[in-house]
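Tertiary structure, described
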Amino acid sequence: MPRLSEAEIAEHLAQRPDWSLEHNEIVRTFRLANFPAAIAFVTHVAFLAEAAGHHPDIDIRYNRVRLALTTHDAGGLTEKDFALAAAIDEILG
């Protein structure tokens, strides 16, 4: 899958305002009610990621979950990253 241009990334980020660009990744931190809610959220993300064949970097800090997406084999961001970000956003409504 080809890497997105800077203009394409900006267009996608406009549709995902809770995500931000950090280096060659899009990132978002989610705040959940508590640790069990955070783990349940990560489990849901894991099933989405596995189905997509695309896996985020995940950092869990009690009730905060930071997700980072990039397509390593493409050397940057692709449509896969934004598709998974959109699916993740739907988990919490």
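Note that the structure is predicted; figures quoted are calculated from it, not measured. (Residues numbered from 1 in each chain as written. Predicted model: local features only at pLDDT ≥ 70, side-chain atom pairs only at ≥ 80, totals over all residues. Heavy atoms only, no water.)

**Re the pairing of strand β3 (residues 57-61)**
Note the threshold: If DSSP finds at least two bridges between two strands, the strands pair. A run of DSSP states H or I qualifies as a helix once it reaches four residues; a run of E qualifies as a strand once it reaches two. Both are numbered from the N-terminal end.
As paired strands, β3 and strand β4 (residues 64-69) are joined by 5 bridges and run antiparallel to one another. Residue Ile 58 lies in a different strand from β4, and its bridge partner there is Leu 67. Where β3 folds back on β4, the antiparallel hairpin that results is connected by 2 residues, among which Tyr 62 adopts a positive phi of roughly 55°.

**A closer look at the nonpolar core**
Rule in force here: Among buried residues, those of type Ala, Val, Leu, Ile, Met, Phe, Trp, Tyr and Cys that are joined through side-chain atoms within 4.5 Å constitute a nonpolar core. Three exposure classes are used, based on accessible area relative to the maximum for each residue type with a 1.4 Å probe and protein chains only: buried under 20%, partly exposed in between, and exposed over 50%. Two residues qualify as a contact provided that any one of their heavy atoms is within 4.5 Å of a heavy atom in the partner residue.
Formed by 20 residues in total, the largest nonpolar core has its most connected members in Trp 19, Ile 26, Phe 41, Leu 67 and Ile 88. Elements with a minimum of two residues in this core: α1 (6-15), β2 (25-31), α2 (35-52), β4 and α3 (79-91). Ranked by residue count, the leading element in this core is α2, at 5 residues. Aside from chain neighbours lying at most four places away, what touches Leu 67 is Trp 19, Ile 26, Val 27, Arg 28, Phe 30, Phe 41, Val 45, Asp 57, Ile 58 and Ile 88.

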